[in-house]
Amino acid sequence: MMEKTFIMVKPDGVQRGLIGEIVSRFEKKGFVLAGAKLMQISTELAEEHYGEHKERPFFGELVDFITSGPVFAMVWEGEDVVKTSRHMIGATNPQEANPGSIRGDYAVTVGKNIIHGSDSLESAEREINLFFNGNELVDYTRQDKTWIY
Ligand code: ABT
Ligand code: MG
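Conventions adopted
Residues numbered from 1 in each chain as written. Chains lettered and ligands numbered in written order. Predicted model: local features only at pLDDT ≥ 70, side-chain atom pairs only at ≥ 80, totals over all residues. Heavy atoms only, no water. UniProt positions renumbered as here; feature names shortened; annotations may be inferred. Phe/Tyr/Trp six-rings, centres within 6.5 Å; stacked < 30°, edge-to-face > 60°. Helix = DSSP H or I, 4+ residues; strand = E, 2+ residues; numbered from the N terminus. Buried < 20%, exposed > 50% of the residue type's maximum accessible area, 1.4 Å probe, protein only. Lys, Arg positive; Asp, Glu negative; His and termini not counted. Salt bridge = Lys/Arg side-chain N within 4 Å of Asp/Glu carboxyl O. Polar contact = N/O pair within 3.5 Å; in protein donor to acceptor, adjacent residues only side chain to side chain. Contact = heavy atoms within 4.5 Å. Pairing = 2+ DSSP bridges. Axes fitted to C-alpha atoms, helices over the stretch in contact; angles between N-to-C directions.

An unreviewed UniProt entry annotates the protein chain as Nucleoside diphosphate kinase originating from Pseudogracilibacillus auburnensis. Word for word, the UniProt comment on the protein chain under Subcellular location (unreviewed entry) is "Cytoplasm". Among the UniProt annotations of the protein chain, the heading Cofactor (unreviewed entry) holds the following wording: "Mg(2+)".

Given below as structure tokens:
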């Protein structure tokens, strides 16, 4: 099924110069970039985005971290992109993330795991609406589509 998901390079990934590498992996995989922007997350947006973790002991640190510098927010489209991109990203804790996954290759600790990806279709819809206006998303077909599907 064709889906959209929300992917974000976190402040540590931006500072470490990993935007290009991460975009490249999704591009080469065959997913379609529907929207992207470099932005500074406000405290309000951070608390809303991570609302499910509000009661967790690490919530304050999480909000501080995600607002500590610019992030690169993206929407990617493709068949089963929500689940597949979670595999490409790897386990939340980079110590458990497989080599070959983004966190497995580039991250060391759970507090600085360089990338976010929506964990379900419902989360994806919620997060895309939280970060993007409809007019910031573009609908088009990649020329290589018939070689991917
Ligand atoms: P996100 O993509 O950031 O949502 O990570 P993921 O979905 O893989 O993992 P979840 B469970 O959503 O973690 C959200 C952020 O909270 C951090 N975290 C999580 C901790 O610092 N300690 C913990 O014990 C857990 C469970 C990691 C995630 N990211 N950041 N930044
Ligand atoms: Mg999550």
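Asker: Give me the packing of aromatic side chains: which residues, what numbers.
Answerer: Counted by the stated rule, this structure contains 3 aromatic pairs. A ring pair is formed by F6 and F131, whose centres lie 4.4 Å apart and whose planes are at 25 degrees; its orientation type is stacked. Pair noted here: F6 is in strand β1 (residues 2-9) and F131 is in helix α7 (residues 121-131), with a separation of 125 residues, a long-range link. Both residues of the pair, F6 and F131, count as buried. Taken together, a centroid distance of 6.4 Å and an interplanar angle of 70 degrees make the contact between F6 and F132 edge-to-face. Of this pair, F6 sits in strand β1 while F132 sits in the loop between α7 and α8 (145-148), placing them 126 residues apart in sequence. With respect to burial, F6 and F132 carry one shared label: buried.

Asker: Could you give an account of the side chain of E127, with specific residues and numbers?
Answerer: Counting through the fold element by element, E127 comes out in helix α7. Notably, E127 is buried but unbridged: the nearest opposite-charge side chain belongs to R126, and the N-O separation is 4.4 Å. Within polar-contact distance, the side chain of E127 engages the side chain of S118 at 2.7 Å. Among all residues touching E127, those that are not within four sequence positions of it are F6, H49, H116 and S118.

Asker: How would you sum up the sheet that holds strand β4 (residues 115-117)? Please name residues and give values.
Answerer: Strand order in the open sheet made by the 4 strands is β2-β3-β1-β4, with antiparallel pairing throughout. Both outer strands of the open sheet, β2 (32-39) and β4, are each paired with one neighbouring strand and no more. The average angle at which neighbouring strand axes cross in this sheet is 20 degrees, direction not considered. Looking at chain direction, β1 and β4 are connected through 3 bridges and run antiparallel. Bridging across to β4, I7 finds its partner in G117. Sheet strands in contact with α7 are β1, β2, β3 (71-79) and β4, and its direction is about 60 degrees off that of β1.

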